[in-house]
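A closer look at the structure
Below, each chain spelled out in residue letters.
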Amino acid sequence: MLATVLVLVLATAGLAVLRPGPVAGWLGSEATPSGATAASPEPDPQAVLAGPDANAPLPTGAGIRAALDPLVRAPALGDRVNVSVADVTTGQALYGSGPDTPTVPASVTKLATGVAVLSARGPAYRIPTRAVAGANPGEVVLVGGGDPTLAVDRKNAFYPGAARLDDLAAQVRAALGGTAPTKVIVDSSLFSGPVFEPGWDADIPTGGFGAAITALMTDGARKDPAQARRTAEETNHAADRVPQPDLTAGRQFAKLLGLSGSAAQVTRGTAPAAGAAGAPGAELGTVESLPVIRLVDIMISDSDNVIAEAMARQVALAKGKPGSFAGGAAATDEVLGGLGLPAGEISLADGSGLSRTNRISPSLLTDLITLAGNGSHPELAAIFGGLPVGGWSGTLDERYRAATTRTGAGVVRAKTGTLSGVNAIAGTVTTADGRLLTFAVLTDRTQGSLDETRQALDRITSALAGCGCR
């Protein structure tokens with residue numbers, strides 16, 4: 001299903017990725033077993049949304065200005081509204097109002113995080129969670145690799161297809177042979193620094209949308225992942241989180257190994273250096289996360305803050321920096337600068353956008369989306385797979401349904417961002433003539449109601465959808 005979605009999305013962005021090819025490799029497709037009958041080829045997918053016309057006329061700057069200027073001045077957007085509109089095919093800037101001004105981006109930050117991790121790690125990279133032998137017989141060290149989607153078992157997993165501790169426990173028991181497990185130690189030292197970013201609002205740790213960021217956790221640190229899965233839509237993915245995700249994961253692992261009572265008490269420690277089979281540090285088992293291409297998809301479609309922070313740390317580790325908030329932010333800046341984006345127009349403190357100290361300019365976002373969509377870096381196009389569609393999915397499901405915004409339904413695909421007083425949207429839109437544009441609208445001084453602000457943002461993007469703007 002993901003491959004089919006990507007075919008449609010990448011085609012919309014001016015690309016064509018078909019099996020066999022990069023997507024098949026990124027998803028870990030298996031070869032047909034020897035002697036097995038090859039399956040019939042899958043039929044070509046049918047497009048469910050109108051794609052762009054490569055020969056569509058380019059809007060003019062004057063045409064877009066006439067359409068957008070009155071809307072950008074809407075009182076609901078506050079007194080600081082910064083906007084950028086560009087053509088995806090050519091990269092030509094078509095409209096700007098404070099386009100180069102760094103602005104608080106909220107969750108739109110995840111677009112930068114997604115591009116950075118796809119570039120630094122690659123779409124096929126999978127995050128390992130390992131178990132190694134401890135210093136004493138029967139001791140097992142559970143080593144976190146930074147996989148936020150790791151599950152305890154299949155039945156209660158929040159993220160479909162996630163790596164599982166019960167699989168890892170089975171490997172450990174087999175590797176130990178006749179030696180009974182006696183103790184579990186957790187090593188979450190891959191991540192360093194504070195577990196909450198200092199720029200987060202005070203209610204983030206307890207509000208259900210953030211969590212303590214540790215290198216070892218299960219189900220995004222959700223306290224009851226099965227319940228969270230059942231109520232995800234009605235709660236907008238908010239859920240109670242455990243205060244110490246690494247120790248919680250260790251206790252779950254100890255139970256899977258059959259430990260109980262005092263033997264189930266878990267402590268933090270550091271894994272011994274890699275050793276020979278049977279020696280301290282010897283690997284007893286490993287499981288791997290979904291590929292980065294899927295993690296980015298979930299991060300964007302569900303605006304998953306915990307996955308976003310884990311992805312920023314993967315960027316840091318790939319660039320040889322500490323696995324911390326500061327390391328992730330610095331590494332993301334470095335990767336984006338290396339891609340030719342204006343590094344001076346982005347300053348990050350986290351990867352999710354929860355921090356109010358983040359700053360990104362609208363033009364950097366439209367440059368980033370253009371880079372991901374123009375075919376020059378096909379690995380970056382995975383950011384489009386999870387983009388919510390106006391009036392249809394994700395955070396845009398209930399938007400673009402009013403008479404004044406209906407033209408944006410089905411043709412606006414964008415990441416939204418919301419903090420109190422901060423509202424943002426960035427993505428792509430197909431004009432009435434079939435031209436694919438990218439846009440970013442960031443406002444960080446709103447004072448009106450959230451519904452009014454969102455309607456004002458949607459009128460801007462709907463105006464682009466409804467005109468040729470020539």
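My aim in this report is to walk through the structure given alongside it, one point at a time. Every value quoted in this text rests on a predicted model; they were computed, and no experiment measured them.

**With respect to the sheet that holds strand β2 (residues 93–97)**
Strands sit in the order β2-β1-β12-β11-β10 across an open sheet of five strands; the sheet is antiparallel. Each edge of the open sheet is held by one strand with a lone partner, namely β2 and β10 (412–419). Recorded for the sheet is a direction-independent mean angle of 5° between the axes of neighbouring strands. Inspection of the sheet shows strand β1 (residues 81–87) paired to strand β12 (residues 436–443) by seven bridges, in the antiparallel sense. What sits directly across from V83, in β12, is V441. Along the sheet, helix α3 (residues 61–72) makes contact with β1, β2 and β12, crossing β2 at roughly 25°. Packed onto the sheet, helix α13 (residues 450–466) meets β1, β10, β11 (422–430) and β12 and runs at close to 20° relative to β11.

**Digging into the environment of L442**
Structurally, L442 can be placed in strand β12. Spatially, the C-alpha atoms of L442 and T103 are 6.6 Å apart, while their sequence positions differ by 339 residues. If near-sequence neighbours (up to four positions away) are discounted, L442 is found in contact with R80, V81, N82, T103, V104, P105, I360, P362, L365, N423 and A424.

**What to know about the packing of aromatic side chains**
Counting across every chain of the model gives three aromatic pairs. Pairing F158 with Y159 gives two aromatic rings, centres 4.9 Å apart and planes at 80°, and the pair type is edge-to-face. Taken as a pair, F158 and Y159 share a single burial class, namely buried. Taken together through their ring pairs, the aromatic side chains of F196, W200 and F325 make up a single cluster. Over the aromatic face of Y125 sits the side chain of R121, whose NZ or CZ is 4.3 Å from the ring centroid.

**Brief notes about helix α8 (residues 245–256)**
Taking 1.5 Å per residue as the helical rise, α8 with its twelve residues ought to reach 16 Å, and the 17 Å between its terminal C-alpha atoms agrees with that figure. If you follow the buried residues of α8, they end up packed against β3 (128–133), β4 (139–143), α5 (165–176), β5 (183–187) and β6 (267–268). Downstream of α8 by a residue or two, G258 has a phi angle that is positive, lying close to 90°.

**Focus: the state of the cysteines**
All told, the structure shown has one disulfide when counted by the stated rule. Each disulfide pairs two cysteine sulfurs, and for C467 the partner residue is C469, the sulfurs being separated by 1.7 Å. Like C469, C467 is buried.

**Some thoughts on the packing of helix α4 (residues 109–120) against helix α11 (residues 325–338)**
Direction vectors running N to C along α4 and α11 enclose 75°, while the axes themselves pass 9 Å from each other. The angle between the axes of α4 and α11 places the two elements in the roughly perpendicular class. Here A112, V115, A116, S119 and A120 of α4 come into contact with α11, specifically with T332, V335 and L336. Of the residues that constitute the contact of α4 with α11, the class distribution is six nonpolar, two polar and no charged.

**Side note on unusual backbone geometry**
At N236, a position not held by glycine, the phi torsion is positive, near 55°. Residue classification places N236 among the partly exposed positions, given a relative accessible area of 48%. Despite not being glycine, H237 has its phi angle at roughly 70°, a positive value. Note on placement: H237 falls in the loop between α7 (232–235) and α8.

**Let's talk about the sheet that holds β5**
Reading across the sheet, the five strands line up as β6-β5-β4-β3-β7 and stay open at both edges, with mixed pairing between neighbours. The strands lining the two open edges of the sheet, one partner per strand, are β6 and β7 (283–288). Bridge count for β3 against β4 is four bridges, and the pairing is antiparallel. Considered in β4, the bridge of R130 is made with V143. Along the sheet, α5 makes contact with β3, β4 and β7, crossing β7 at roughly 160°.

**Some details on the nonpolar core**
In this structure, L111, V296, M311, L336, L368 and I383 are the most contacted members of the largest nonpolar core, which totals 54 residues. Within the residue set of this core, elements represented by two or more residues are α4, α9 (292–301), α10 (305–318), α11, α12 (362–373), β11 and β12. In terms of residue count, the dominant contributor to this core is α9 (seven residues). Among residues more than four places away in sequence, those in contact with M311 are T113, V117, I127, L295 and M299. In this structure, L457, A463, C467 and C469 belong to the second largest nonpolar core, which totals 28 residues.

Conventions used here
Residues numbered from 1 in each chain as written. Predicted model: local features only at pLDDT ≥ 70, side-chain atom pairs only at ≥ 80, totals over all residues. Heavy atoms only, no water. Pairing = 2+ DSSP bridges. Helix = DSSP H or I, 4+ residues; strand = E, 2+ residues; numbered from the N terminus. Axes fitted to C-alpha atoms, helices over the stretch in contact; angles between N-to-C directions. Contact = heavy atoms within 4.5 Å. Phe/Tyr/Trp six-rings, centres within 6.5 Å; stacked < 30°, edge-to-face > 60°. Buried < 20%, exposed > 50% of the residue type's maximum accessible area, 1.4 Å probe, protein only. Lys NZ or Arg CZ within 6 Å of the ring centre and 35° of its normal. Expected span 1.5 Å × (residues − 1). Disulfide = S-S within 2.5 Å. Parallel < 35°, antiparallel > 145°, perpendicular 65-115°, else oblique. Nonpolar A, V, L, I, M, F, W, Y, C, P; charged D, E, K, R; others polar. Core = buried A, V, L, I, M, F, W, Y, C linked by side-chain atoms within 4.5 Å.

Purely spatial values, then, with no claim about function.
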